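The primary structure of each chain is shown beneath.
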Amino acid sequence: MDISSVYVSQLLPKAERFIPGQRSCKGCGKALATRIASKAISDMLVIHAGIYASTLPVCPSRTYDPYETESLLQHAYEAMHVQTASALQRAGAKLSAQPKPVIVINRHVFQHEYLALSSLFATEHHALYLCLDNEHYLNEFVARTGPLPLVVNEVRHPVSEADIRLLIHEKNSPPCSDDTFSYIATACPSFPFDLIEKVRKGLSCNGNAFILVLAPCPTGWIFPPRFTKQVGRAAVQTGYFPLYEKTQGKLQITQQLEKLFPLHQYLSLQRRFFTVPATIISQLQDAITHYYNDLVRQSQERF
Amino acid sequence: MKQGNPYSCNNNDLSFDTVLPVPPATATNEIWRFERPVWNTDICVRCGACFLICPDAAIFKKNNGYFEADLNRCKGCGLCVRECWTGALSLEQTAQRPPWLAKNF
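Here the residue numbers are simple positions, counted from 1 along each chain's written sequence. Each chain gets a letter, beginning with A, and each ligand a number, beginning with 1, in the order they are written. In view of the model being predicted, local features appear only for residues whose pLDDT reaches at least 70, and side-chain atom pairs are presented and counted only at 80 or more, with totals across whole chains, interfaces and linings using the full set of residues. With hydrogens and water stripped out, all remaining heavy atoms of the structure feed into the side-chain values.

K.L.:
Outline the overall build of chain A, supporting the account with residue identities and numerical values.
P.N.:
Counting from the N terminus, the helices are DSSP H or I runs at least four residues long and the strands are E runs at least two residues long. A count of helical and extended segments in chain A gives 13 helices and seven strands. Relative to its 303 residues, chain A shows a buried fraction of 53%. We call two residues in contact whenever any of their non-hydrogen atoms come within 4.5 Å of each other. Looking at chain A alone, contacts between residues at least 24 apart form 76% of all its contacts between residues at least 6 apart. Accessible surface is estimated by sampling points in the Shrake-Rupley manner with a 1.4 Å probe; for residues, cover comes only from the protein chains shown. A total of about 14400 Å² of accessible surface is found on chain A, and carbon and sulfur atoms cover 56% of it. Only protein chains enter the accessibility calculation, which uses a 1.4 Å probe. A residue is then buried if its area is under 20% of the maximum for its type, exposed if over 50%, and partly exposed in between.

K.L.:
Could you give an account of the packing of aromatic side chains, naming the residues involved and the relevant values?
P.N.:
Given two aromatic rings, one states the distance between the centres and the angle between the planes to describe the pair. All names here are of chain A. Between 30 and 60 degrees the pair is tilted, below 30 it is stacked and above 60 it is edge-to-face, where a pair is any two Phe, Tyr or Trp rings, Trp via its six-membered ring, whose centres lie within 6.5 Å. Following the criterion strictly, the structure yields twelve aromatic pairs over all chains and no others. A centroid spacing of 5.2 Å and a plane angle of 50° characterise the contact between Phe-110 and Phe-210, whose relative ring orientation is tilted. A residue pair is termed long-range when its members are at least 10 positions apart, and Phe-110 in helix 5 (residues 107-112) and Phe-210 in strand 5 (residues 209-214) qualify at 100 residues. Phe-210 matches Phe-110 in its accessibility class, with the two residues each being buried. Between Tyr-114 and Phe-121 the ring centres are 5.9 Å apart and the planes differ by 50°, which places this aromatic pair in the tilted class. Three or more aromatic residues joined by ring pairs make a cluster, and in this case those are Phe-110, Tyr-114, Phe-121, Tyr-129, Phe-181 and Phe-210. For the cation-ring pair, Lys-259 lies above Phe-261, with the distance from its terminal atom to the ring centre recorded as 5.2 Å. Between Arg-272 and the ring centre of Trp-221, over which it is positioned, the NZ or CZ distance is 4.2 Å. Note on criteria: charge over ring means Lys NZ or Arg CZ within 6 Å of the ring centre, with the direction from the centre no more than 35 degrees off the ring normal.

K.L.:
Tell me what's going on with the state of the cysteines, and back it up with residues and numbers.
P.N.:
All names here are of chain B. A pair of sulfur atoms, both from cysteines and within 2.5 Å, is called a disulfide here. Counted by the stated rule, this structure contains zero disulfides over all chains. You can see Cys-80 has no disulfide; the closest cysteine sulfur is in Cys-77, sitting 6.3 Å from it. Cys-80 sits in the buried class, given a relative accessible area of 8%.

K.L.:
Any details on the nonpolar core? Residues and values, ideally.
P.N.:
As a rule of thumb, soluble globular proteins bury nonpolar side chains together. If you look at the biggest cluster of nonpolar residues, it comprises 53 residues, and the most contacted ones within it are Tyr129(A), Phe141(A), Phe210(A), Tyr240(A), Tyr266(A) and Phe273(A). Tallying contributions element by element places helix 13 (residues 278-300) of chain A first for this core, with seven residues. Core analysis: the next-biggest nonpolar cluster, separate from the first, contains 41 residues, Leu132(A), Tyr183(A), Phe67(B) and Leu79(B) among them. Remark: nonpolar core denotes a set of buried residues (Ala, Val, Leu, Ile, Met, Phe, Trp, Tyr, Cys) joined through side-chain atoms within 4.5 Å.

K.L.:
Residues and numbers for a nonpolar patch on the surface, please.
P.N.:
Patch construction takes residues with relative accessible area above 30% that form no salt bridge. Like charges are linked within 9 Å, and nonpolar side chains (Val, Leu, Ile, Met, Phe, Trp, Tyr) are linked within 5 Å. Throughout this description, the term salt bridge denotes a Lys or Arg side-chain nitrogen within 4 Å of a carboxyl oxygen of Asp or Glu. Side chains of Leu148(A), Leu150(A), Val151(A) and Val152(A) sit close together on the surface and give an oily, nonpolar patch of about 440 Å² of accessible area. Mapping Leu148(A) onto the fold places it in the loop between helix 7 (137-145) and helix 8 (161-171).

K.L.:
Please provide a residue-by-residue account of the pattern of salt bridges, values included.
P.N.:
Under the criterion given, the structure shown has eleven salt bridges over all chains. Asp56(B) is paired through a salt bridge with Lys75(B); the nearest N and O atoms lie 3.0 Å apart. On the criterion of sequence distance, the pair formed by Asp56(B) in the loop between helix 1 (49-53) and strand 2 (59-61) and Lys75(B) in the loop between strand 3 (67-69) and helix 2 (79-83) is long-range, its members being 19 residues apart. For Asp56(B), a relative accessible area of 1% corresponds to the buried category. Taken together, the shared-partner salt bridges connect Glu135(A), Lys171(A) and Arg272(A) into one network.

K.L.:
Can you tell me about unusual backbone geometry, naming the residues and giving the values?
P.N.:
Notably, Ile222(A) is not glycine yet its phi reads approximately 60°, a positive angle. Relative to the helices and strands, Ile222(A) is located in the loop between helix 10 (218-221) and helix 11 (228-237). Not every positive phi belongs to a glycine, and Ala57(B) is a case in point at roughly 55°. Summarising the element assignment, Ala57(B) is placed in the loop between helix 1 and strand 2.

K.L.:
Tell me about the packing of helix 7 of chain A against helix 8 of chain A, residues and numbers included.
P.N.:
All names here are of chain A. Running from N to C, helix 7 and helix 8 point in directions that differ by 170°, and their axes come no closer than 12 Å. Judged by the angle between their axes, helix 7 and helix 8 are roughly antiparallel. Considering only the axes of helix 7 and helix 8, their crossing is left-handed. Contacts from Tyr-137, Leu-138, Phe-141 and Arg-144 in helix 7 reach Asp-163, Ile-164, Leu-167 and Lys-171 in helix 8. Of the residues assigned to the contact of helix 7 with helix 8, the class counts are five nonpolar, no polar and three charged. Axis definition: a line fitted to C-alpha atoms, limited for helices to the stretch in contact. Angles are taken between N-to-C directions and run from 0 to 180 degrees. Note on terminology: angles under 35 degrees are roughly parallel, angles over 145 are roughly antiparallel, angles of 65 to 115 are roughly perpendicular, and the others are oblique. Crossing handedness: left-handed means the near helix sits turned counterclockwise from the far one by under a right angle, and right-handed means the same turn made clockwise. Classes in brief: Ala, Val, Leu, Ile, Met, Phe, Trp, Tyr, Cys and Pro nonpolar; Asp, Glu, Lys and Arg charged; the others, Gly included, polar.

K.L.:
Can you break down helix 7 of chain A residue by residue, with the values?
P.N.:
All names here are of chain A. Listed in full, the buried residues belonging to helix 7 are Tyr-137, Leu-138, Phe-141, Val-142 and Thr-145. Viewed end-on, helix 7 has its buried residues packed into an arc of 130°, placing them on one side of the element. Those residues of helix 7 that are buried lie in contact with helix 5, strand 3 (128-133), helix 8 and helix 13. It is the directions from the helix axis to the C-beta atoms whose arc is reported.

K.L.:
Summarise the confidence of the model for chain B; cite the residues concerned and give the values.
P.N.:
Low pLDDT marks stretches whose predicted atomic positions should not be read closely. Residue and element names in this part refer to chain B. The pLDDT value tells you how sure the predictor is about a given residue, anywhere from 0 up to 100. Averaged over every residue, the pLDDT of chain B is 77; the share at 70 or more is 73%. Taking the mean pLDDT of every element in chain B, the minimum, 89, falls on strand 2 and the maximum, 94, on helix 2. Among the scores for the predicted complex, ipTM is 0.79 and pTM is 0.82.

Okay, here's the thing in structure tokens:
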């Protein structure tokens, strides 16, 4: 067989622990991200009930049942315990056997239930945490940039430059200290091989691993479903969601950008940003440039 | 495949080459779909890009190496059509487009 007739998509493993036909929206970024990540996961997958078993008509990253977290924790503990016990039984484990379980969770749940989940991080059993982010927090941000409705009697502070810088800084990093996880990375399903590589690295590292995955949401972000991959690519290429990985505190940017594309290319694809004034957009652009330059400087530091 | 529930967490014999059985389609995604992808096998080079990008895992490989969408799973999102770099994929209308849907969606 001629080597040039093999395409990279065909070299990926056929097995994927992804059951088709779930109740996600058309072109759902979360479903796409989970499916691509499952190409690298062979043994165990603990999925937050909100994605696959939800009976709500709306994506559970906007609304979720707090009591579900209890069952998630219970499943996660069981999964970790069982995995470790079975790993001990298998003395001559195959090289393809997965060393640790994977926990897939929405960012909305991750942030709200962080206190409960932090008990998981402290256990001796390690796991890979895949955090799917469809930017639910930006709904409030976009609402703050607009005028108050007439009938609402409240004080709303306008968005300041410091708020924007804080938002951009907090958005692209996990909501915890660097010591909690030995491997931290950001990934996007628009760059599928990068995502698969990071999942494999997260599984093989010692200690807990955290991967923040951007999940473009056609329903929430209001764009045609066929543009999911394009929106993800624009997010990375404009510097809005840079792809990097941190191993033991050493940062490396995995998707190097020679120059950042203008932010307008990303914002114009989604209707949710159409009401944001131009002054805020220019402040966003400055904050993104500042953040990306900061990342580049951190990656070039040697210690 | 080991006997028992194939979705159990203790299936330690699962290797990369084993493919999980897909449950039968008791409910279809037909209500979502008003367009479906159609492959032009004269142009298709069987690269598998459409197979990888489908968020519903609706595209499967046939025996002759070309791909097809399982209409029980396909929601007609059009991601595969945009992903195809040879232009072998196109969307064919199967149902009336909802009148409330904007023209460019």
